[in-house]
Amino acid sequence: MGGWVRFWDPRTWRMLSDATIPATGVKMTSGVKLNDKTEKYLRPRSAHEVATFAVNPFELAGSKAVVSGGDDKMLRIWLSPPTSDEPFFPRASLAYELGGDDIIPISVDAVETFYL
Amino acid sequence: MSAQQVEDHFPDSLVCPILGTLMADPVIAADGHTYERAAITEWFKESSLSPMTGLNLNSKSVITNYALKTVIDDFCRGRPERIAAREESRRPEFIVKTMASRRVTPETTAPWEFDKGLLASKTAQTKKPVIVCTSRTSLNTGEGVLLAFEPQTDGKEFRLSMSHPLKLEKQHTTEASISCMERLNDHTFAAGTRDGGVSIWSLERNSSSGRITAKRTWAAEQDLHYSTTTCVTPVPTYSLLSNNGDSLKDFSLVASGSLDGSVKLWSKVQNTSQWKHSAVMHHRGEVRCVSSSNEGHILSGGSDWSLKMWDPNVPNEPVRTLDGHTHVVRCITTERATRGRFASGSNDEHVIVWDIRQPEPLVHKIEAGSPVLTLCWETGFCARAEELRRTQCRERV
């Protein structure tokens, strides 16, 4: 549930991928039989709980990366495997929980040349 | 967009964020947001989280928002269709039905949430970059916070290297908190505040201690917006773009948008750290997003559903008005590698790709399925973030 971070190919406008956090402990693709015989599926968690307020791309270790901030007070960084140029397949690589009761990231950025 | 369409769209500030309808009995909750009383009461029966922020609320008590109630009464006076829409919010069966489709189930903690102060990665192999995050903090403190994260020497960990409060000295109230922020160049940010202000901040590293500090170098003291500054953006000129067009090397103009419906242009005074107000442009409603085209035009969007392109030198009338969205325009991003191309996202659950070099500038419309709150465009991919409609949460196990 929640705020998606999705990636689109600007050549075809096809959606490439979702930056979603996998559901843990249960295979996402297999159904779970419940007592009432209904079959339900665990879905991956979206990038943030309900809403994503800010996204920004940058380079990390020669790979494309995206940093996102959402209503869940999380700062997340999504990386694509270094070997793939395109499309972008994001992995939930880094996460930081912001302190404070009601801190919500409204802007995220990567200052890539700060050391210069 | 026709005049009738505009007429049918109620201002966001008058609409309950839970029900999506005109409020009849608006109340303020502990999160500072206003809701229809019956809706938030129903919400609190099963959740102690804010419907807007998803955060825990210290209190479930609510206070009548008399000021907004008066505004809504005035808005509805003599307009039967608006009165009917308002009365819909009072119908118990409508509230129960709507709430049932929007209920949120609490999430469990994911293993990706590392300890505070540490970001760990097995893939980071570089000292760059510093990740900077601007946070909106408590409504009580009225502060923003600038956080910076730096890669450590082994390149596998990021650590919090700076947590710096951002606030205006002249006011220590809720109104001074940071509402938006945008990077201007490698060390400089522009920020907007809830009191309609605009300020410039610079990052500096102490050569001896290595600590990063944020310093406010300028803040507007006059010509402020009349309401919350919702967005800021640098406005480049041709000469300010690098060869590949995706990096700003310098800046001298900043545009800011506000809930008061204006877009203001601020220009840097040469050889000083001062900026001055140089032009103002107007929408027919709240301005929610501003950006700039590669040609140096200002792009703005908001609650009048339109995207407007402005020439900073001729601010009286927009150069172009681009219609295509059917709800509030929430975000704009420009493709820096190609002239004339940018994209916008909206509450109408679509992303529109525009190319103003084409006879028909709307070149593609992407169905998102939920409101699009933020966009960024990078060569090779375009990232979209959006709010998920809570009706889709019910299938979760």
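Bear in mind the structure is a predicted one, so any value in this text is a computation, not a measurement.

**Description of the pairing of strand 18 (residues 307-310) of chain B**
Residues and elements named next belong to chain B.
Consideration 1: Across the two faces of strand 18 the burial is the same, with Leu307 and Met309 and Lys308 and Trp310 all buried.
Consideration 2: Here strand 17 (residues 298-302) runs beside strand 18; their pairing, made up of 4 bridges, is antiparallel. Its bridge partner lying in strand 18, Leu299 is registered against Met309.
Consideration 3: Counting the residues between successive antiparallel strands, the hairpin from strand 17 to strand 18 contains 4 residues, one of them, Trp305, with a positive phi of roughly 70°.
Consideration 4: Pairing analysis gives 3 bridges linking strand 18 to strand 19 (residues 320-322), with the strands arranged antiparallel. Across the sheet, the residue bridging to Leu307 is Leu322, located in strand 19.

**A word on the pattern of salt bridges**
Residues and elements named next belong to chain B.
Consideration 1: Throughout the structure, instances matching the rule amount to 6 salt bridges over all chains.
Consideration 2: With a shortest N-O distance of 2.7 Å, Arg77 and Asp74 are connected by a salt bridge.
Consideration 3: The closest approach of N and O atoms between Asp355 and Arg357, which form a salt bridge, is 2.7 Å.

**Topic: the side chain of A:Asp71**
Consideration 1: By secondary structure assignment, the location of A:Asp71 is in the loop between strand 6 (63-70) and strand 7 (74-79).
Consideration 2: You can call A:Asp71 buried: its relative accessible area is 0%.

**Re the sheet that holds strand 12 (residues 229-234) of chain B**
Residue and element names in this part refer to chain B.
Consideration 1: Pairing in this open sheet of 4 strands is antiparallel, and the strands run 12-13-14-15 from one edge to the other. The sheet terminates laterally at strand 12 and strand 15 (275-282), the two strands that pair on one side only. Direction aside, neighbouring strands of the sheet carry axes that sit 20° apart on average.
Consideration 2: Here strand 13 (residues 253-258) runs beside strand 14 (residues 262-268); their pairing, made up of 5 bridges, is antiparallel. Residue Gly257 lies in a different strand from strand 14, and its bridge partner there is Val263.

**Thoughts on the side chain of B:Ser291**
Consideration 1: By secondary structure assignment, the location of B:Ser291 is in strand 16 (residues 287-292).
Consideration 2: Excluding residues that lie within four positions of it along the chain, B:Ser291 makes contacts with B:Thr233, B:His297, B:Ile298, B:Leu299, B:Ile332 and B:Thr334.

**Concerning the confidence of the model for chain B**
All names here are of chain B.
Consideration 1: Within chain B, residue pLDDT values average 74, and 67% of them lie at 70 or more.
Consideration 2: Predicted confidence for residues 238-249 stays below pLDDT 50, and this span has 24 contacts to residues more than four positions away or in other chains.
Consideration 3: Across the assembled chains, the prediction reports ipTM 0.79 with pTM 0.67.

**So, the packing of aromatic side chains**
Consideration 1: Considering all chains together, one arrives at 2 aromatic pairs over all chains under this definition.
Consideration 2: Here A:Trp13 and B:Trp377 contribute two aromatic rings whose centre-to-centre distance is 5.7 Å and whose plane-to-plane angle is 85°, an arrangement assigned as edge-to-face. Of the two residues, A:Trp13 sits in the loop between strand 1 (4-8) and strand 2 (15-18) while B:Trp377 sits in strand 24 (residues 372-378), which places them in two different chains. The pair formed by A:Trp13 and B:Trp377 is uniform in burial state, with each residue classed as buried.
Consideration 3: Against the face of A:Trp4 rests A:Arg6, its NZ or CZ located 4.3 Å from the ring centre.

**Description of the confidence of the model for chain A**
Consideration 1: Here chain A shows a mean pLDDT of 69. Residues at 70 or above account for 58%.
Consideration 2: The secondary structure element of chain A with the lowest average pLDDT is strand 3 (residues 31-33) of chain A, at 45, and the one with the highest is strand 1 of chain A, at 84.

**Examining the state of the cysteines**
Consideration 1: Going through the model one piece at a time under the given rule, you end up with 0 disulfides over all chains.
Consideration 2: Looking at B:Cys331, it has no disulfide partner, and the nearest cysteine sulfur is the one in B:Cys289, 6.4 Å off.

**Side note on the environment of B:Ser179**
Consideration 1: Its place among the elements puts B:Ser179 in strand 8 (residues 178-185).
Consideration 2: Taking the C-alpha atoms as reference, B:Ser179 lies 9.2 Å from B:Gly196; in sequence the two are 17 residues apart.
Consideration 3: Those residues within four positions of B:Ser179 in sequence are excluded, and the remaining contacts are A:Ile106, B:Gly192, B:Thr193, B:Arg194, B:Thr228 and B:Thr229.
Consideration 4: Side-chain polar atoms of B:Ser179 contact the backbone oxygen of B:Thr229, separated by 2.5 Å.

**Quick look at the environment of A:Ala47**
Residue and element names in this part refer to chain A.
Consideration 1: Within the secondary structure, Ala47 sits in the loop between strand 4 (39-41) and strand 5 (52-60).
Consideration 2: Spatially, the C-alpha atom of Ala47 lies 6.3 Å from that of Ile21, the residues being 26 residues apart in sequence.
Consideration 3: Ala47 has contacts with Gly3, Trp4, Val5, Ala19, Thr20, Ile21, Asp72, Arg76 and Trp78, leaving out every residue within four places of it along the chain.

**Quick notes on the pairing of strand 16 of chain B**
Every other side chain in a regular strand lies on the same face of the sheet, so the side chains alternate between the two faces.
Residues and elements named next belong to chain B.
Consideration 1: Of all 6 residues making up strand 16, 5 are buried, and the element is well covered by its neighbours.
Consideration 2: Alignment of strand 16 against strand 17, held across 5 bridges, turns out to be antiparallel. Paired with Ser292 across the bridge in strand 17 is Ile298.
Consideration 3: Once strand 16 ends, the chain turns through 5 residues before running back antiparallel as strand 17, passing Gly296 with a positive phi of about 90°.

Conventions and cut-offs
Residues numbered from 1 in each chain as written. Chains lettered and ligands numbered in written order. Predicted model: local features only at pLDDT ≥ 70, side-chain atom pairs only at ≥ 80, totals over all residues. Heavy atoms only, no water. Buried < 20%, exposed > 50% of the residue type's maximum accessible area, 1.4 Å probe, protein only. Helix = DSSP H or I, 4+ residues; strand = E, 2+ residues; numbered from the N terminus. Pairing = 2+ DSSP bridges. Salt bridge = Lys/Arg side-chain N within 4 Å of Asp/Glu carboxyl O. Axes fitted to C-alpha atoms, helices over the stretch in contact; angles between N-to-C directions. Contact = heavy atoms within 4.5 Å. pLDDT = per-residue confidence, 0-100. Phe/Tyr/Trp six-rings, centres within 6.5 Å; stacked < 30°, edge-to-face > 60°. Lys NZ or Arg CZ within 6 Å of the ring centre and 35° of its normal. Disulfide = S-S within 2.5 Å. Polar contact = N/O pair within 3.5 Å; in protein donor to acceptor, adjacent residues only side chain to side chain.

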